[in-house]
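Each chain, letter by letter, is given below.
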Amino acid sequence: MSEEKRSYRTNLTSRGLIYMGGEELQIIVKNLSITGVMAELEDSSSLKDIKDVFQVIKATPVIDIYLPEMRLAGDAEVVRAEMDGENIVLFIEFKDISYEVDNVLYKRKAYRKNIAGRGQIVFDGVKYKFNTENVSVDGLMIHLKEKIEVEKGVKTIFDFKQLALRGVIKVVWVDHCDDGSTLMGLQYEHLEKDHVSGIPAFTSLPSD
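Just so you know, these numbers come straight off a predicted model, no measurement behind them.

(A) Looking closely at the nonpolar core. Ile18, Met20, Ile65, Leu90 and Ile92 are the most contacted members of the largest nonpolar core, which has 26 residues in total. When contributions to this core are tallied by element, the ones reaching two or more residues are β1 (9–20), β2 (23–33), β3 (36–41), α1 (50–59), β4 (62–67), β5 (72–84) and β6 (87–98). In terms of residue count, β6 provides more of this core than any other element does, five residues in total. In contact with Ile92, not counting residues within four places along its chain, are Ile18, Thr35, Gly36, Val37, Ile63, Ile65, Ala76, Glu77 and Val78. Within the second largest apolar cluster, 23 residues are counted, among which are Leu144, Phe160, Val171 and Leu191.

(B) Fine view of the pairing of strand β7 (residues 118–123). Pairing geometry for β7 and strand β8 (residues 126–135), over six bridges, is antiparallel. By the bridge assignment, Arg118 is partnered in β8 with Asn131. Taking the residues that link successive antiparallel strands as the turn, the β7-β8 hairpin has two residues, and the phi of Asp124 there is positive, at about 55°. Where β7 lies against strand β10 (residues 155–160), two bridges are found, and the strand directions are antiparallel.

(C) Fine view of the pairing of β3. Summarising burial for β3: five of the six residues are buried, a large majority. As paired elements, β2 and β3 share five bridges and run antiparallel to each other. What sits directly across from Asn31, in β3, is Met38. Counting the residues between successive antiparallel strands, the hairpin from β2 to β3 contains two residues. Both β3 and β6 contribute to a ladder of five bridges, which runs antiparallel. Following the sheet pairing, Gly36 is matched in β6 by Glu93.

(D) Structural context of the sheet that holds strand β11 (residues 165–176). The antiparallel closed barrel is built from six strands, whose spatial order is β7-β8-β9-β12-β11-β10. Adjacent strand axes in the sheet meet at a mean angle of 45°, parallel and antiparallel pairs treated alike. Of the strand pairs in this sheet, strand β9 (residues 139–144) and strand β12 (residues 182–191) are connected by six bridges, and their pairing is antiparallel. Residue pairing for β12: Met141 is matched across the bridge by Gly185.

Rules behind the numbers
Residues numbered from 1 in each chain as written. Predicted model: local features only at pLDDT ≥ 70, side-chain atom pairs only at ≥ 80, totals over all residues. Heavy atoms only, no water. Core = buried A, V, L, I, M, F, W, Y, C linked by side-chain atoms within 4.5 Å. Buried < 20%, exposed > 50% of the residue type's maximum accessible area, 1.4 Å probe, protein only. Helix = DSSP H or I, 4+ residues; strand = E, 2+ residues; numbered from the N terminus. Contact = heavy atoms within 4.5 Å. Pairing = 2+ DSSP bridges. Axes fitted to C-alpha atoms, helices over the stretch in contact; angles between N-to-C directions.

Below, the structure written as structure tokens:
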């Protein structure tokens, strides 16, 4: 492959977070390109060797990644893993990445994962179907095809089977679209389970 066709890569040392195997893990980025990163897992990781990594990526190679110094977050895929002495090195390819992420925003709000799925919500005794735009450990953003007049602060019940979420939720904001549909930001008030599986928080930055 010619130099012109190679992805530009730069060596650097920067910390970040990945969500893999149902837990948040700290990484040290060793090499960055426009297509992905080479990163070393921190010693505190529960993954101790390549066998542990292979077990996780066998179930799903897709992970969430957050690199605060580069203001980058989103979906990625582990395409290779190897040992460097006692350290685990991951080769990660970007899939659905947002650039220029406001790292101040990420310090005060949980990471939102883009998930398109269907659910139901109730207003004034009427059941409405919705599609999710994104989901976090704090709440979700939904899209309803109808124009619905709802006051901020209203609490109601919802059901989102894709992540097995159901319970009481609060309306945080409402936006009516030109096509007559409605966008809505919702915050969990009470869920039937005590945590949101499959979604990272990414609310704290790795310490030096």
